[in-house]
Amino acid sequence: MPPGIKIDGMTIWDRYDLDTAFENIKFRTRNTVAVALGLEPDDGPLPTHEELRAQIRAERKAQRERDEQARELKRQIKKHREERRKPVEVSRSKNKT
């Protein structure tokens, strides 16, 4: 479990840290007896705390980029709607021939 942050005497965890830790539970479970007997492959050492934190940082960065893209798309949609609402001016010039 990731370390918590103390705020006003309470320990609070970051949602992304908890999500990543929970997802990594799946990768951490091994049947060590089966590995020792050669029935299952050894996946190598478990990820270190720093490797997990690097993965969390990369996921956060990707989420921030997706959020920024979504905000930019909303701005473009809003701008497009405002342009469509502008009244169209029709020139009323008379041609004298």
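What counts, and at which threshold
Residues numbered from 1 in each chain as written. Predicted model: local features only at pLDDT ≥ 70, side-chain atom pairs only at ≥ 80, totals over all residues. Heavy atoms only, no water. Helix = DSSP H or I, 4+ residues; strand = E, 2+ residues; numbered from the N terminus. Buried < 20%, exposed > 50% of the residue type's maximum accessible area, 1.4 Å probe, protein only. Areas by Shrake-Rupley, 256 points an atom, 1.4 Å probe, with all protein chains shown as cover. Salt bridge = Lys/Arg side-chain N within 4 Å of Asp/Glu carboxyl O. Patch = residues over 30% accessible without salt bridge, like charges linked within 9 Å, V, L, I, M, F, W, Y side chains within 5 Å. Contact = heavy atoms within 4.5 Å. pLDDT = per-residue confidence, 0-100.

Right, let's get into the overall build of the protein chain. Along the backbone of the protein chain there are 3 helices and 2 strands. In the protein chain, the order of α-helices and β-strands from amino to carboxyl end is β-β-α-α-α. Within the protein chain, the fraction of its 97 residues that count as buried is 7%. Carbon and sulfur atoms form 54% of the exposed surface of the protein chain, whose accessible area is close to 9,200 Å².

What follows concerns the environment of A21. Tracing the backbone shows A21 in helix α1 (residues 15-28). Judged by its relative accessible area of 26%, A21 falls in the partly exposed class.

On to unusual backbone geometry. Excluding glycine, a negative phi dihedral is what most residues carry, and trans is how most peptide bonds are arranged. Positive phi is not limited to glycine here, since D8 has a value of about 50 degrees. Along the polypeptide, D8 turns up in the loop between β1 (5-7) and β2 (10-12).

Inspection of every chain in the model, using the stated rule, returns 6 salt bridges. Ionic pairing is found between R75 and E68, a salt bridge with its closest N-O pair at 3.0 Å. A relative accessible area of 36% places E68 in the partly exposed class. Taking relative accessible area as the criterion, R75 reaches 43% and is therefore assigned partly exposed.

Attention shifts here to the environment of P3. Secondary-structure assignment places P3 in the segment before β1. Linking P3 and D17, residues 14 residues apart in sequence, is a C-alpha distance of 8.8 Å.

A cluster of nonpolar side chains, namely I5, I7, M10 and I12, defines an oily patch on the protein surface of about 360 Å² accessible area. Here M10 shows up in strand β2. The class for M10 is partly exposed, based on a relative accessible area of 49%.

Another aspect to go through is the side chain of D17. Relative to the helices and strands, D17 is located in helix α1. Once residues lying within four places of it in the same chain are set aside, the contact partners of D17 are P2, R53, I56 and R60.

Per-residue confidence for the protein chain gives a mean pLDDT of 80; residues scoring 70 or more make up 77%. At the low end of the mean pLDDT range in the protein chain sits α1, at 72; at the high end sits helix α3 (residues 49-85), at 91.

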